[in-house]
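# Working through the structure, step by step
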Amino acid sequence: DAKTTQPTSMDCAEGRAANLPCNHSTISGNEYVYWYRQIHSQGPQYIIHGLKNNETNEMASLIITEDRKSSTLILPHATLRDTAVYYCIVRAAGGYQKVTFGTGTKLQVIP
Amino acid sequence: GAGVSQSPSNKVTEKGKDVELRCDPISGHTALYWYRQSLGQGLEFLIYFQGNSAPDKSGLPSDRFSAERTGGSVSTLTIQRTQQEDSAVYLCASSEGGQGHQPQHFGDGTRLSIL
């Protein structure tokens with residue numbers, strides 16, 4: 001699986017959009033970008049994933065650059081409950097997949 | 001809909017005792033995974049089920065660890081003769097299938113503490 005690079009930490013004002021970047025410059029053509037988050041004392045929560053098109057669901061939007069070497073997770077209106085560690089991972093389709101997280105981005109939403 | 005359910009949420013036991021951890025996956029999900037996460041650490045893969053079969057048990061740390069899945073649904077992870085180093089959060093995840101790009105959905109885990 002391709003390696004990902006994320007900033008260690010970010011702050012965001014409550015009610016503003018949180019934009020979390022991820023670099024995956026070695027991504028292969030059949031690899032998807034997945035985002036998870038982990039709130040303290042809870043299990044990892046799946047947020048969104050995509051291959052090359054931008055994706056949106058009830059939680060967030062995922063913007064993938066045209067060359068697919070980077071992506072941005074957007075939480076449109078951050079709340080205090082969005083404070084968590086956010087993980088970007090890249091995995092190929094097909095076959096079962098073990099999830100492994102890097103260090104992620106610690107997002108602190110500030111009142 | 002209902003997510004992945006794990007029980008108990010917390011378990012404290014004495015060294016040497018056996019423990020059983022339960023996972024109820026999302027209905028219809030054929031793939032099931034067990035992981036563990038030590039304090040401040042990443043995910044450690046333990047075992048993968050597709051249906052009732054376990055094609056990959058490579059992450060089980062020792063023969064004190066075993067897991068089974070019945071009816072293609074509920075799974076139980078058993079740790080025999082527990083040791084203090086077994087203390088961790090044990091996480092279960094399920095996905096729609098073992099193929100494709102479906103994401104894994106996690107439960108909130110069982111926090112196991114060995115005294």
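Attention in this report is confined to the structure presented alongside it.

Procedures and definitions
Residues numbered from 1 in each chain as written. Chains lettered and ligands numbered in written order. Predicted model: local features only at pLDDT ≥ 70, side-chain atom pairs only at ≥ 80, totals over all residues. Heavy atoms only, no water. Helix = DSSP H or I, 4+ residues; strand = E, 2+ residues; numbered from the N terminus. Rg over C-alpha atoms; globule rule 2.2 N^0.38 Å. Buried < 20%, exposed > 50% of the residue type's maximum accessible area, 1.4 Å probe, protein only. Contact = heavy atoms within 4.5 Å. Buried area = accessible area lost by both parts, 1.4 Å probe. Salt bridge = Lys/Arg side-chain N within 4 Å of Asp/Glu carboxyl O. Polar contact = N/O pair within 3.5 Å; in protein donor to acceptor, adjacent residues only side chain to side chain. Pairing = 2+ DSSP bridges. Axes fitted to C-alpha atoms, helices over the stretch in contact; angles between N-to-C directions.

For the rest of this paragraph, the subject is the overall build of chain A. Regarding its fold elements, chain A presents 0 helices and 9 strands. Counting helices and strands in the order they occur from the N terminus, chain A gives β-β-β-β-β-β-β-β-β. In terms of overall dimensions, chain A is globule-like: its C-alpha atoms have a radius of gyration of 13 Å, near the 13 Å expected for 111 residues. If one aligns the C-alpha atoms of chain A with their principal axes, the spans along those axes are about 40 × 30 × 25 Å. Counting across all 111 residues of chain A, residues that qualify as buried make up 47%.

Let us look at the environment of B:Val89. All names here are of chain B. Inspection of the secondary structure assignment puts Val-89 in strand S9 (residues 88–95). You can call Val-89 buried: its relative accessible area is 14%. Counting along the chain gives 78 residues from Val-89 to Lys-11, while the straight-line C-alpha distance between them is 9.9 Å. Apart from residues no more than four positions distant in its own chain, Val-89 is found in contact with Tyr-35, Arg-36, Gln-37, Asp-108, Gly-109, Thr-110 and Arg-111.

With 19 residues of chain A at the interface, the matching set in chain B holds 21 residues. Of the roughly 1700 Å² buried at the junction of chain A and chain B (both faces included), carbon and sulfur atoms supply 53%. Viewed at the interface, chain B and chain A are joined by 1 salt bridge. Ionic pairing is found between A:Lys98 and B:Asp56, a salt bridge with its closest N-O pair at 3.5 Å. At the boundary of chain A with chain B, the tally comes to 7 residue pairs in polar contact (both at pLDDT 80 or more). Those elements giving two or more residues to the side of chain A that touches chain B turn out to be strand S3 (31–38) and strand S4 (45–50) of chain A. The greatest single-element share of the side of chain A that touches chain B, amounting to 4 residues, is contributed by S3(A).

As a further point, take the sheet that holds S4(A). Residues and elements named next belong to chain A. A sheet is described by the order of its strands in space; here 5 strands give the open sequence S1-S9-S8-S3-S4, paired in mixed fashion. Pairing within the sheet leaves two strands with one partner each, and these edge strands are strand S1 (9–13) and S4. Sheet twist, expressed as the average angle between the axes of neighbouring strands with direction ignored, equals 25°. Direction of pairing for S1 relative to strand S9 (residues 105–110): parallel, over a ladder of 5 bridges. Residue pairing for S9: Asp-11 is matched across the bridge by Gln-108.

A cis amide bond, omega -10°, links B:Ser7 with the succeeding residue B:Pro8. As for its position among the elements, B:Pro8 is in the loop between strand S1 (5–7) and strand S2 (10–13). Although it is not a glycine, A:Ser41 sits at a positive phi angle of roughly 70°. Tracing the backbone through its elements, the reader meets A:Ser41 in the loop between S3 and S4.

Here the focus is the pattern of salt bridges. If charged atoms from side chains of opposite charge come close, those side chains can pair. Residues and elements named next belong to chain A. Applying the stated criterion across every chain yields a total of 5 salt bridges over all chains. Residues Arg-37 and Asp-82 are paired through a salt bridge, measuring 2.8 Å at the closest nitrogen-oxygen approach. Of this pair, Arg-37 sits in strand S3 while Asp-82 sits in the loop between strand S7 (70–75) and strand S8 (84–92), and the two are 45 residues apart along the sequence. Judged by its relative accessible area of 9%, Arg-37 is buried.

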